[in-house]
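# Summary of the model geometry
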Amino acid sequence: MGPSELRLLPDEERELRETAHVFETVLQTNADDVPALEALREVYTRLGEVERLVEVVDRIAAIATGERRPEPLRFSALPPEPPGGPGLGRRSWLPPRERTLRPGRARLGDLLVAEAIITPQQLHDAVREQRRSRERLGAVLARRGLVTEERLVELLSKEHGLPSVVLDNRQIEPHVLALVPGPLARKYEVLPLALNNGSLTLAMVDPTNVVAMDAIAARTGLQVLPVVAVAASVRAAIERCYAAQSASMAEVLAQLATTQVEVVEQDETAAVNVIELKESADEAPVVRLVNMILADGIRKGASDIHWEPYERTFRVRFRLDGVLHDVLGPPKRHEAAIISRLKIMANLDIAERRIPQDGRIKIRYGTREVDLRVSIVPTIFGEKAVLRVLDREALQLDLSQLGFDPWSLEQFNAVIRQPYGLVLITGPTGSGKTTTLYSAINAINSPDHNIMTAEDPVEYNLYGVNQVQINDGIGRTFAHVLRSFLRQDPDVILVGETRDLETAQIAVRAALTGHLVFTTLHTNDCPSTVARLVDMGVPPFLLSSSLLLVVAQRLGRRLCRQCREPYEAREDDLVPYGYVPTGRGRCTLYRPRGCPACSNTGLKGRVAFYEVMPMTDGVRDLVLHNGSTGALREAALQAGMRSLRQAGLAKVLEGVTTVEEVLRVTLA
């Protein structure tokens, strides 16, 4: 079939040849890139390029059978320049009207619905949240647990005929990185990969983002060839590759050292010169240092950023994966200016230095909006600030990804779909209780449910959920709000924390009168939760009638998958720590080693250990008759419950974490 039989218009033929050139260039880098070869097969078919078509089909067949072709495919010279002269029309890989989506291509949401990955209602809800949060639709869907980033990449690659790439440990030439500055790469979530014959191969999270492609093309003067990659891997690669090129905090500290701005020390009863504080907080080195520390904390995945004054020093620490790490120590004389800068950003009173203050900061980091919850407390050596980082994109709302073992997940899923009853989540501060609660709410959130939450504070906004911020200062307490909820015709109620008898009694009675109630407590494990509620004054007969399930949890650090080291061990080696052997004998465990990806700690990210205690008949009877904590634990273990220690050691056998980490966060 020749070109005349296809009856292509001149513009159509030119566009097809330009498209072919894009994928030919990609294949110069990786001759076995199957998506690029399949795209070329389609293009050559339409162009009637029989010889090239045969060669591409042979290459695909050879890859499928494992046969290696000894020589790469050879292509002719570049296609002719588009009309209008050299350089015109080459800012990206397709003409302006074609760059976003080619004719006949469906949008991402429609693709997911057509593939039966999500329902039309789920798409509708996600689009509404996207309009409010201004995130990518894919990011919203992934956070809701409806689709993985890997599946999104697969769909985008298939639909738009673009290759997909894996960026883990990929090395990029410095001169290629220099073409796209770090701030621009972070803003658009793109990464330059290779430069070939005047074309720049660009890894993109969203290959339909024509604004990003035009911005890169305009800056570099090169033709942009997009390829698709997973969002998390693009961000990680950006931080890894541009780390050496980022502005050094040492330079900023050097500027601070030579800056003559100094806030005079004074006691807390002395008058505060607000103008001097404001001017010092607005000094360029101070502003730049604060911004860099915030950006560095978000980039490294810190959950909290601590700014701590001491008698002669001032230091900044990040809490990474649950452990605090020193970051740097700015000059002590700039402490007041730095804290004042944080107060200005959080709209707090910079003149008030005697009482605690709380506020929020919302910042945009690349394409992400991040909330920072600010708490400032006066200490004997100055004001200490702690910023809790609330990164919406880091919130995982898929129950199956949280770390439940199959039995525990089955029990939890069954209970959260009950029409009424009480579900308790227990654990210390920072153990992931909020994530578990939000995941449960997300799993049952639907238009036919009226879901109301009382939280202190509201950490993340959930679409379709009525969230109320507790404010003890004006009398808006948990008990007060909970009483009001009962007049709001709720189906599901979430109480952020049960702090007193009044709140506990209202929650129990709400669970007994046709409402599903979620709440949290600070206890060590599931059995002791019952004793805690009884000690607070909740009658055992009410508790045994209302309680459906108790979940205790802890967070441990994950092994870095890029550098963990295997070693041989026996299952019996874990028995002294509380493990119950299953007869598997020898097994492979892993130890941390350290690499650039995990900052040489060997540990990166966190995993939850869950202890799930459903209210079986035996457990319920013990609660009714005020049984001891030990008796409750024994009955729950016989019913199938795994203790926190046992759940953690199971993660050790799965190669997720280490024995030392399990011992650090759980009791025997």
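The structure contained in this document is the topic of the report that follows.

Attention now moves to the overall build of the chain. For the chain, the helix and strand inventory stands at 27 helices and 18 strands. Buried positions account for 50% of the 668 residues belonging to the chain. Here the chain displays about 31,100 Å² of accessible surface, and carbon together with sulfur accounts for 50% of that area.

Now for the nonpolar core. Within the largest apolar cluster, 54 residues are counted, with the highest numbers of intra-cluster contacts made by M613 and V619. Counting residues per element, this core draws most heavily on helix 21 (residues 501-512), which supplies six residues. Setting aside residues no more than four positions away along its own chain, M613 makes contact with C526, P527, V530, L549, V550, V619, A636 and M641.

This part covers the sheet that holds strand 4 (residues 304-309). Spatially, 6-5-4-9-8-7 is the arrangement adopted by the six strands of the open sheet, whose pairing is antiparallel. Of all the strands in the sheet, the pair left with one neighbour each is strand 6 (323-328) and strand 7 (357-365). Sheet twist, expressed as the average angle between the axes of neighbouring strands with direction ignored, equals 25 degrees. With ten bridges connecting them, strand 8 (residues 368-379) and strand 9 (residues 382-391) associate as antiparallel partners. By the bridge assignment, L372 is partnered in strand 9 with V389. Lying on the sheet, helix 17 (residues 335-345) is in contact with strand 4, strand 5 (314-320), strand 7, strand 8 and strand 9; it crosses strand 9 at an angle near 40 degrees.

Let us now look at helix 22 (residues 526-536). Three or more residues of helix 22 are buried, namely C526, P527, S528, T529, V530, L533 and M536. At the exit of helix 22 stands G537, carrying a positive phi of roughly 120 degrees.

Okay, helix 12 (residues 210-220) next. Among the residues making up helix 12, those that are buried are A212, M213, D214, I216, A217 and T220. Downstream of helix 12 by a residue or two, G221 has a phi angle that is positive, lying close to 70 degrees.

With the rule as written, the count across this model stands at six cavities of 30 Å³ or more. By volume, the largest cavity is sized at about 110 Å³. Grouping the amino acids of the lining of the largest cavity by side-chain chemistry returns seven nonpolar, three polar and four charged.

Below, the discussion takes up the sheet that holds strand 3 (residues 223-228). The three strands lie next to each other as 1-2-3, forming an open sheet whose pairing is mixed. Unpaired on one side and paired on the other, strand 1 (190-196) and strand 3 mark the two borders of the sheet. Ignoring strand direction, the axes of neighbouring strands in this sheet form an average angle of 30 degrees. Of the strand pairs in this sheet, strand 2 (residues 199-204) and strand 3 are connected by six bridges, and their pairing is parallel. What sits directly across from L202, in strand 3, is P226.

Moving on to the pattern of salt bridges. With the rule as written, the count across this model stands at 23 salt bridges. K384 is the partner of E308 in a salt bridge, and the nearest nitrogen-oxygen pair spans 3.5 Å. Separated by 76 residues along the polypeptide, E308 in strand 4 and K384 in strand 9 bring together distant segments of the chain. A salt bridge links R499 to D456; the nearest nitrogen and oxygen atoms lie 3.1 Å apart. Here R499 is found in the loop between strand 13 (492-495) and helix 21, whereas its partner D456 is found in the loop between strand 11 (451-455) and strand 12 (466-469), with 43 residues between them in sequence. D456 gets classed as partly exposed once you look at its relative accessible area, which sits at 35%. If you follow the salt bridges from partner to partner, you end up with E308, R315, R317, D326 and K384 in one network.

We now examine the packing of helix 22 against helix 25 (residues 629-638). Close contact between helix 22 and helix 25 brings their axes to 8 Å; oriented N to C, the two are set at 140 degrees. Classified by the angle their axes make, helix 22 and helix 25 are oblique. Helix 25 is crossed by helix 22, and the crossing has right-handed handedness. Across the interface between the two elements, P527, S528, V530 and A531 of helix 22 pack against T629, L632 and R633 of helix 25. Grouping the constituent residues of the contact of helix 22 with helix 25 by class yields four nonpolar, two polar and one charged.

On the surface, Y310, I380 and F381 cluster together into a nonpolar patch covering about 320 Å² of accessible area. For F381, a relative accessible area of 35% gives the class partly exposed.

For T658, the location among the structural elements is in the loop between helix 26 (644-653) and helix 27 (659-665). What makes T658 buried here is its relative accessible area of 7%. For the pair formed by T658 and R558, sequence separation is 100 residues and the distance between their alpha carbons is 7.9 Å. In this structure T658 touches L559, Y590, P592 and V652, once residues within four positions along its chain are discounted. Of the polar contacts made by the side chain of T658, one reaches the backbone nitrogen of E661; its length is 3.1 Å.

With that settled, consider the packing of helix 20 (residues 478-485) against helix 21. Two numbers describe how helix 20 lies on helix 21: the axes approach to 9 Å, and their chain directions differ by 20 degrees. In terms of their interaxial angle, helix 20 and helix 21 are classed as roughly parallel. Between helix 20 and helix 21 lies a crossing whose hand is left-handed. Of helix 21, the residues touching helix 20 (which contributes F478, A479, L482 and R483) are E502, T503, I506 and A507. Class assignment for the residues of the contact of helix 20 with helix 21 results in five nonpolar, one polar and two charged.

In this description, an aromatic ring pair is defined by two values, namely the gap between the centres and the angle between the planes. Inspection of the entire model under this criterion finds three aromatic pairs. Between F404 and Y610, the aromatic rings sit 3.8 Å apart at their centres with planes inclined by 10 degrees, giving stacked as the arrangement. Of this pair, F404 sits in the loop between strand 9 and helix 18 (406-415) while Y610 sits in strand 18 (residues 603-614), and the two are 206 residues apart along the sequence. Relative to Y460, the ring of Y438 lies with its centre 6.1 Å away and its plane at 80 degrees, an arrangement referred to as edge-to-face. One end of the pair, Y438, is in helix 19 (residues 433-444); the other, Y460, is in the loop between strand 11 and strand 12, and 22 residues separate them in sequence. Residue classification places Y460 among the buried residues on the basis of a relative accessible area of 13%. Among the aromatic residues, those joined into a cluster by ring pairs are F404, F412 and Y610.

Basis of the calculations
Residues numbered from 1 in each chain as written. Predicted model: local features only at pLDDT ≥ 70, side-chain atom pairs only at ≥ 80, totals over all residues. Heavy atoms only, no water. Helix = DSSP H or I, 4+ residues; strand = E, 2+ residues; numbered from the N terminus. Buried < 20%, exposed > 50% of the residue type's maximum accessible area, 1.4 Å probe, protein only. Areas by Shrake-Rupley, 256 points an atom, 1.4 Å probe, with all protein chains shown as cover. Core = buried A, V, L, I, M, F, W, Y, C linked by side-chain atoms within 4.5 Å. Contact = heavy atoms within 4.5 Å. Pairing = 2+ DSSP bridges. Axes fitted to C-alpha atoms, helices over the stretch in contact; angles between N-to-C directions. 1 Å grid on protein atoms, 1.4 Å probe; cavity = no way out; pocket = protein on both sides within 12 Å on 5 of 7 lines; lining within 4 Å. Points joined across faces, edges and corners; volume = space filled by probe spheres on them. Nonpolar A, V, L, I, M, F, W, Y, C, P; charged D, E, K, R; others polar. Salt bridge = Lys/Arg side-chain N within 4 Å of Asp/Glu carboxyl O. Parallel < 35°, antiparallel > 145°, perpendicular 65-115°, else oblique. Left-handed = near helix turned anticlockwise from the far one by under 90°. Patch = residues over 30% accessible without salt bridge, like charges linked within 9 Å, V, L, I, M, F, W, Y side chains within 5 Å. Polar contact = N/O pair within 3.5 Å; in protein donor to acceptor, adjacent residues only side chain to side chain. Phe/Tyr/Trp six-rings, centres within 6.5 Å; stacked < 30°, edge-to-face > 60°.

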